[in-house]
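Residues per chain, in single letters:
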Amino acid sequence: MHSICSQATTLPRSNFAFDSRSPAVPISKPVNLRFCGLRKEAFGFSGLTHSCSSRVRCSSRGHSKKISASAENNGTPPKSFDYDLIIIGAGVGGHGAALHAVEKGLRTAIIEGDVVGGTCVNRGCVPSKALLAVSGKMRELQSEHHMKALGLQVSAAGYDRQGVADHANNLASKIRSNLTNSMKALGVDILTGVGTIVGPQKVKYGKVGFPDNIVTAKDIIIATGSVPFVPKGIEVDGKTVITSDHALKLESVPDWIAIVGSGYIGLEFSDVYTALGSEVTFIEALDQLMPGFDPEIGKLAQRVLINPRKIDYHTGVFATKITPAKDGKPVTIELIDAKTKEPKDTLEVDAALIATGRAPFTNGLGLENINVVTQRGFVPVDERMRVIDANGNLVPHVYCIGDANGKMMLAHAASAQGISVVEQVTGRDHVLNHLSIPAACFTHPEISMVGLTEPQAREKAEKEGFEVSVAKTSFKANTKALAENEGEGLAKLIYRPDNGEILGVHIFGLHAADLIHEASNAIALGTRIQEIKFAVHAHPTLSEVLDELFKSAKVKSAASSHGLVSEPVAV
Amino acid sequence: MAHILQTAFLPSTSALRRTPISGSKGKSQSLQVKAKIREIFMPALSSTMTEGKIVSWMKSEGDKLSKGESVVVVESDKADMDVESFHEGFLAAIMVEEGGVAPVGSAIALLAETEDEIAEAKAKSQSSSGISSAQVVEEKPKQKEESEPAVPAVAPTVSSIKTVAVGSAVHPASEGGKRIVASPYAKKLAKELKVDLGTVVGTGPMGRIVAKDVEAAAAAGVVAAALPASPAIAAPVTSGIELGTVVPFTTMQGAVSRNMVESLSVPTFRVGYTITTNALDALYKKIKSKGVTMTALLAKATALALAQHPVVNSCCRDGNSFTYNSSINIAVAVAIDGGLITPVLQDADKVDIYTLSRKWKELVDKARAKQLQPHEYNTGTFTLSNLGMFGVDRFDAILPPGTGAIMAVGASQPAVVASKDGRIGMKNQMQVNVTADHRVIYGADLASFLQTLAKIIEDPKDLTL
């Protein structure tokens with residue numbers, strides 16, 4: 001999903017850190033894969049109920065090892081390639097991979113068919129953060145009660161729509177040029193046009209109406225990303241029925257907007273629109289709003305982000321037909337019951353935002369030339385992002401990262417996958433632990449998470465026969481949160497009491513998106529609760545919420561705590 | 001899950017434990033004597049909670065419970081909370097299943113002291129669940145009576161307005177009135193203010209009902225009801241009313257009634273005046289975006305006029321003397337939830353219009369939330385009552401005891417007028433009508449006060465100073 005990526009774009013050199021720790025991430029692959037599947041389902045298609053299980057293919061460990069070995073020393077006659085690595089797609093994933101490739105000494109080219117930065121920078125997380133920054137400030141200024149409690153007096157807050165839209169647009173251009181410059185400075189060749197794989201290690205690219213160029217490379221990474229998914233029956237006109245692509249331009253602020261899908265994208269836009277004065281109706285196919293979040297966090301979030309705001313919702317319904325406004329008629333939305341398929345209601349609103357997830361953008365990639373069949377558009381890959389062909393065999397030298405493989409549709413996940421691939425092609429085996437990748441939703445307050453939700457953890461525990469415990473702390477007890485008068489929030493830790501392993505952390509509260517990294521780093525490095533609870537946090541800071549969380553966990557075995565500096569533990 | 005919730009997140013577990021005990025004393029004691037079977041009650045988890053939903057039972061029937069152990073998770077209007085057992089024993093019978101809703105204080109399960117008593121408790125639950133469900137049925141209408149008199153009390157007088165309106169409320173979005181199209185916030189407000197959306201006329205895009213329509217409907221309802229001199233209209237009754245019933249006054253309605261009767265002991269008289277409002281309307285249009293309301297503008301104008309005529313701001317306390325009030329506090333009558341209240345804008349002559357508007361908004365919000373402090377509604381020295389927004393062009397107000405005068409403000413409407421130079425023109429005109437206590441305020445006082453007021457309103461530059 002596109003809405004979460006700010007760190008990845010502004011810290012292009014952060015992969016050093018990744019480098020130094022990566023030897024320490026041995027994880028069990030089957031587990032990893034299974035939960036990727038869960039994640040993807042939860043994040044990618046919140047508004048739908050398609051089964052995604054078929055999307056993840058994994059070959060057995062031994063088998064894949066063999067192929068990987070043969071791929072590296074394969075019998076291809078040594079010929080000279082134009083590049084060591086070609087990346088198709090210059091989004092955040094491709095960018096991360098390119099920078100790391102250069103650092104590893106690879107001659108690297110990146111093919112961009114549209115604009116550098118991809119969805120995240122141009123139509124996703126970056127401009128949406130600009131809008132959410134505005135919405136956060138509006139909310140503060142509009143909350144008389146809040147202001148008064150702080151002793152502040154402000155006269156009525158207002159906004160200029162065009163000014164807000166310009167802010168989002170300017171931010172996107174700025175980040176885009178940062179990205180372009182960072183690649184140019186490092187000597188990455190930026191090739192313009194649509195990239196197509198024409199055969200093994202061969203890619204053609206070119207703009208429409210111009211002759212194609214053919215380039216060869218030792219390895220190819222597909223990083224073509226995704227586009228907003230629009231279910232059939234919905235007519236998008238870009239004015240009154242829109243996707244996130246249009247909404248981010250903020251060409252209008254409708255009085256009443258229906259948002260189809262209550263996942264990350266829908267939730268963030270509801271935050272923006274209600275702060276700017278719109279009323280919102282959510283349409284969610286599942287029985288509960290905010291599927292994909294830990295249920296308890298979702299419930300609390302609903303109490304804070306939905307119920308007190310000018311929002312109502314219809315759950316358990318599909319929007320089968322959405323017709324844009326024309327000839328003086330409003331936007332009409334036909335709803336049917338998600339289970340019985342019987343017509344349920346018709347809504348008439350000023351605008352509708354389709355936020356039902358994102359679909360992979362893999363058409364025209366020439367996958368047929370290497371015998372690869374997409375699965376509902378996604379490129380099948382193994383846990384090392386190696387592309388799998390129609391017969392279930394690995395395709396040598398071709399990798400796919402990011403939204404196009406659908407493992408975890410997050411910008412920073414794509415970047416991490418790209419770095420992992422570069423590690424592999426430069427001779428070091430590497431498997432990314434997707435369970436250590438954090439995710440965040442930038443509402444006010446924010447929601448963030450890493451690892452498993454409580455139901456997922458309990459399911460896993462039942463299968464594998466271990467115990468699960470949950471610890472919680474409230475922002476109400478945190479000095480800094482109270483100083484800001486933002487005591488609403490909850491942090492939740494799901495862990496194994498027998499060995500102190502962190503299974504998941506979920507935070508809802510002020511700056512949750514920034515707070516999650518302590519937990520995600522702990523998971524990535526295999527740090528146990530009995531170790532991290534001795535780490536010191538500055539007082540008074542919001543990070544003490546997590547400090548308290550770790551301290552409130554009750555780990556049974558005292559034996560396993562062995563000092564502050566510990567070896568990362570293999571899981 | 002029990003230990004989870006015993007964190008700082010739930011500071012109120014102790015309060016929670018207390019509530020049901022106090023709530024259940026009488027009943028559970030009598031039960032206790034006969035057999036050691038206790039009831040577990042739906043606790044009040046917040047001050048506003050009237051009923052709770054059972055999220056999950058953490059114990060099943062037959063399980064042993066120790067004191068302080070969590071038994072059930074209850075969802076209130078604010079949060080999910082664990083409910084603990086106050087006694088040791090066995091969970092004998094669950095009377096409200098998961099997902100069920102029970103009013104605060106009603107029994108949701110039975111607790112037996114020994115295992116032997118489980119069967120007895122079960123039998124009891126069967127019979128008492130019959131009783132308790134009957135009680136629920138009985139209680140429901142009672143609650144209705146308590147919480148809803150607002151609507152019925154209002155409806156008879158309003159319904160004539162409403163029915164007319166409904167006739168014209170057929171908007172394109174509703175398929176000839178079959179379906180109600182209301183914005184999300186309008187729906188929320190309607191629920192809060194207990195307004196039936198079926199009776200509201202939508203003025204939003206495509207005729208949909210928006211928040212201000214609901215607010216207007218709510219206000220219209222109550223103001224009309226509180227209108228002192230309105231004759232009883234034999235109007236068709238709206239659905240909210242049970243015909244043939246007698247509905248007692250709420251506390252607020254009782255207070256209104258007492259004051260109205262008391263007002264009969266004061267010798268009052270009335271003086272009316274027509275004021276041109278074009279300039280005021282223009283000013284309002286200009287500063288409306290800054291949050292200034294018409295009410296604040298009128299209060300400000302009145303206060304400035306009163307500053308020049310202290311006698312109109314005076315009152316007669318004992319029948320022997322003038323009490324000249326030291327400050328000008330404008331009380332403004334507001335229809336509220338089945339009654340009438342007069343939030344007071346203190347020192348309205350001194351406070352600037354923007355502050356006054358903010359203050360007004362704050363007072364109205366407080367009034368809606370029933371949080372007005374006494375000094376915020378009973379310190380008025382002069383009262384304003386404005387029914388202009390409903391198109392009322394003139395009316396007559398009753399003088400609230402303890403004050404000297406009240407001004408009834410009608411709608412500002414375009415009128416054809418002859419000007420002094422013999423021309424005919426269109427002007428927006430508004431009629432005001434002051435009721436005053438003739439013991440202290442005489443006709444000439446009111447006349448010159450109104451003249452000053454008219455001057456201020458017709459040349460409103462002073463209002464924004």
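Each chain carries its own residue numbering, running from 1 in the written order of its sequence. For this description, chains carry letters from A and ligands carry numbers from 1, given in the order in which they are written. Predicted model: local features are reported for residues with pLDDT of at least 70 only, side-chain atom pairs are reported and counted for 80 or more only, and whole-chain, interface and lining totals are derived from all residues. The side-chain values count all of the structure's non-hydrogen atoms but skip hydrogen atoms and water molecules.

Overview of the overall build of chain B
Counted only if it meets this: Here a helix means four or more residues in a row that DSSP labels H or I, a strand means two or more in a row labelled E, and each is numbered from the N terminus. Buried residues are those whose accessible area, probed at 1.4 Å on protein chains only, stays under 20% of the maximum for their type, while exposed residues exceed 50% and partly exposed ones sit between those limits. Contacts: residue pairs with any heavy atoms within 4.5 Å of one another. Note on areas: Shrake-Rupley, 1.4 Å probe, and residue coverage restricted to the protein chains presented here.
The number of helices and strands found in chain B is eleven helices and 18 strands. The 465 residues of chain B split such that 45% are buried. When contacts within chain B are restricted to residue pairs at least 6 apart in sequence, those whose partners lie at least 24 apart make up 63%. Surface accessibility of chain B: about 23,200 Å² in total, with carbon and sulfur atoms responsible for 56%.

What to know about the sheet that holds strand E14 (residues 343-349) of chain A
Residues and elements named next belong to chain A. Under the convention used in this document: Strand pairing is defined by DSSP finding a minimum of two bridges between the two strands. Between N-to-C directions, angles cover 0 to 180 degrees, with each direction set by a line fitted to C-alpha atoms, over the stretch in contact for helices.
Strand order in the open sheet formed by three strands is E12-E13-E14, with antiparallel pairing between adjacent strands. Either end of the sheet is taken by a strand with one partner, and the two such strands are strand E12 (317-323) and E14. Along the sheet, successive strands turn relative to each other by an average axial angle of 25°, direction set aside. Sheet topology places E12 next to strand E13 (residues 331-337); six bridges connect them, and they run antiparallel. Paired with Phe-318 across the bridge in E13 is Ile-336.

A look at the pairing of strand E23 (residues 502-509) of chain A
Residues and elements named next belong to chain A. Most of E23 is tucked away: eight of the eight residues are buried. Two strands pair when backbone bridges link them, and strand E22 (residues 490-495) and E23 are joined in this way by six bridges, in the antiparallel orientation. Note on E23: the bridge partner recorded for Leu-493 is Val-505. Between E22 and the antiparallel strand that follows it, E23, lie six residues; Gly-500 among them carries a positive phi value of about 80°.

Topic: the interface of chain A and chain B
Interfaces are frequently sized by the accessible area removed from exposure as the parts join. Rules: The term buried area means the drop in 1.4 Å probe accessible area that two parts suffer when joined, counted for both and summed. We define a salt bridge as a contact between a side-chain nitrogen of Lys or Arg and a carboxyl oxygen of Asp or Glu at a distance within 4 Å. Here a polar contact means two N or O atoms within 3.5 Å. Within protein one must be a hydrogen donor candidate and the other an acceptor candidate, and residues neighboring in sequence count only if both atoms are side-chain atoms.
The partner chain B presents 28 residues to the 30 residues of chain A that form the contact. In total, chain A and chain B occlude about 2,400 Å² of area from one another, counting both sides; carbon and sulfur atoms represent 51% of this. Interface area lost by chain A to chain B is led by A:Trp256, A:Arg303 and A:Lys472, which between them contribute 23%. Inspection of the chain A/chain B interface yields four salt bridges. B:Lys361 is the partner of A:Glu144 in a salt bridge, and the nearest nitrogen-oxygen pair spans 3.7 Å. Between the two partners, chain A and chain B, sit nine residue pairs in polar contact (both at pLDDT 80 or more). Breaking the side of chain A that touches chain B down by element, the ones donating at least two residues are helix H8 (144-150), strand E10 (279-284), helix H12 (295-306), strand E11 (311-315), E14 and strand E21 (469-474) of chain A.

Re the UniProt feature "binding site: NAD(+)" (unreviewed entry) in chain A
Residue and element names in this part refer to chain A. So the rule is basically this: UniProt positions are given in the numbering used here, feature names are shortened, and annotations may be inferred rather than shown by experiment.
When the UniProt feature table is mapped onto this chain numbering, "binding site: NAD(+)" (unreviewed entry) sits at Gly-261, Ser-262, Gly-263, Tyr-264, Ile-265, Gly-266, Leu-267, Glu-268, Glu-284 and Gly-357. Along the polypeptide, Ser-262 turns up in the loop between strand E9 (256-260) and helix H11 (264-275). On the accessibility criterion, Ser-262 (1% relative accessible area) is buried. When near neighbours in sequence (up to four residues on either side) are disregarded, Ser-262 contacts Phe-282, Glu-284, Leu-289, Met-290 and Pro-291. Here Ile-265 is to be found in helix H11.

Here's the deal with the sheet that holds E11(A)
With parallel pairing, five strands are arranged side by side in an open sheet as E8-E15-E9-E10-E11 (chain A). The two strands at the open ends of the sheet, each matched to only one other strand, are strand E8 (241-243) and E11 of chain A. For this sheet, the mean inter-axis angle between neighbouring strands, taken without regard to orientation, is 20°. Summarising the sheet, E10(A) and E11(A) pair through five bridges and their orientation is parallel. Considered in E11(A), the bridge of A:Val280 is made with A:Ile311. Running at roughly 165° to E10(A), H11(A) makes contact with E8, E9, E10, E11 and strand E15 (351-354) of chain A of the sheet. The strands touched by helix H5 (residues 184-193) of chain B are E9, E10 and E11 of chain A; relative to E10(A), the strand with the most contacts, the crossing angle is about 100°.

A word on the state of the cysteines
Residues and elements named next belong to chain B. Defined as follows: Criterion for a disulfide: a pair of cysteine sulfur atoms within 2.5 Å.
Going through the model one piece at a time under the given rule, you end up with zero disulfides over all chains. Distance from the sulfur of Cys-315, which forms no disulfide, to the nearest cysteine sulfur (Cys-316) is 7.5 Å. Of the residues examined, Cys-315 reaches a relative accessible area of 1% and is grouped as buried.

Section: the pattern of salt bridges
Under the defined criterion, the tally for this structure stands at 40 salt bridges over all chains. Ionic pairing is found between A:Lys472 and A:Glu296, a salt bridge with its closest N-O pair at 2.1 Å. Of the two residues, A:Lys472 is situated in strand E21 and A:Glu296 in helix H12; the sequence distance between them amounts to 176 residues. Taking the shortest distance from any N to any O, the salt bridge between A:Asp312 and B:Lys187 comes out at 2.8 Å. Placement of the pair is A:Asp312 in strand E11 and B:Lys187 in helix H5, with the two residues belonging to separate chains. Judged by relative accessible area, B:Lys187 falls into the partly exposed class, the value being 32%. In the salt-bridge network here, residues are joined through shared partners; they are A:Asp294, A:Glu296, A:Glu454, A:Arg458, A:Lys472 and A:Lys492.

Concerning a nonpolar patch on the surface
Worth spelling out the cut-off: Patch membership requires over 30% relative accessible area and the absence of a salt bridge. Like charges are linked within 9 Å, and nonpolar side chains (Val, Leu, Ile, Met, Phe, Trp, Tyr) within 5 Å.
There is a patch of nonpolar side chains on the surface, built from A:Leu141, A:Leu150, A:Leu152 and A:Val154 and spanning about 300 Å² of accessible area. As for its placement among the helices and strands, A:Val154 is situated in the loop between H8 and helix H9 (161-186).

Quick word on the environment of A:Val164
Residues and elements named next belong to chain A. Here Val-164 shows up in helix H9. Distance in space between the C-alpha atoms of Val-164 and Lys-249 is 9.3 Å, their sequence separation being 85 residues. Not counting residues up to four positions away in its chain, the partners in contact with Val-164 are Leu-131, Val-134, Tyr-159 and Leu-250.

Focus: the packing of helix H5 (residues 92-103) of chain A against H9(A)
All names here are of chain A. Rules: Small angles under 35 degrees read as roughly parallel and large ones over 145 as roughly antiparallel, with 65 to 115 read as roughly perpendicular and the rest as oblique. What makes a crossing left-handed is the near helix being turned counterclockwise from the far one by less than a right angle; a clockwise turn instead makes it right-handed.
As a packed pair, H5 and H9 sit with axes 10 Å apart at the nearest point and diverge in direction by 20°. The angle between the axes of H5 and H9 places the two elements in the roughly parallel class. Note on packing geometry: the crossing formed by H5 with H9 is left-handed. Along its contact with H5, which presents His-95, Ala-98, Leu-99 and Val-102, the element H9 presents Leu-179, Ser-182, Met-183 and Leu-186.

What to know about the nonpolar core
Let me state the cut-off plainly: Here the nonpolar core consists of buried residues drawn from Ala, Val, Leu, Ile, Met, Phe, Trp, Tyr and Cys, with membership extended through side-chain atoms lying within 4.5 Å.
Grouped together as the largest cluster of nonpolar side chains are 53 residues, with contacts concentrated most on B:Val312, B:Ile330 and B:Met407. Of all the elements, helix H9 (residues 294-308) of chain B adds the most residues to this core, at nine residues. In contact with B:Ile330, other than residues within four places in its own chain, are B:Ala299, B:Thr302, B:Ala303, B:Leu306, B:Pro343, B:Val344, B:Leu345, B:Ala348, B:Phe382 and B:Leu384. In terms of nonpolar packing, the next biggest core, distinct from the first, is built from 52 residues, A:Leu276, A:Val304, A:Leu410 and A:Met449 among them.

Digging into helix H8 (residues 278-287) of chain B
All names here are of chain B. How we decide: By construction, the arc corresponds to the directions joining the helix axis to the C-beta atoms.
Within H8, the full set of buried residues consists of Leu-280, Leu-283 and Ile-287. Buried residues in H8, looked at end-on, bunch into an arc of 60°, giving them a common side. Looking at the buried residues of H8, the elements they touch are H9, helix H10 (353-368) and helix H11 (443-458).

Digging into the environment of A:Ile265
Using a relative accessible area of 5% as the deciding quantity, one classes A:Ile265 as buried. Taking the C-alpha atoms as reference, A:Ile265 lies 9.3 Å from A:Ser128; in sequence the two are 137 residues apart.

A closer look at the confidence of the model for chain A
Residue and element names in this part refer to chain A. Operational definition: Within a predicted model, pLDDT stands for the predictor's per-residue confidence, ranging from 0 to 100.
Chain-level statistics for chain A give a pLDDT mean of 85 and a share of 84% at 70 or above. pLDDT under 50 marks residues 1-78. Its contacts with residues more than four places away, or in other chains, come to 185 contacts. Taken as a whole, residues 559-567 scores under 50 in pLDDT and shows eight contacts with residues more than four places along the chain or in a different chain.

Concerning the side chain of A:Arg309
By the secondary structure assignment, A:Arg309 is in the loop between H12 and E11. Side chain to side chain, A:Arg309 and A:Asp271 meet in a polar contact 3.0 Å long.

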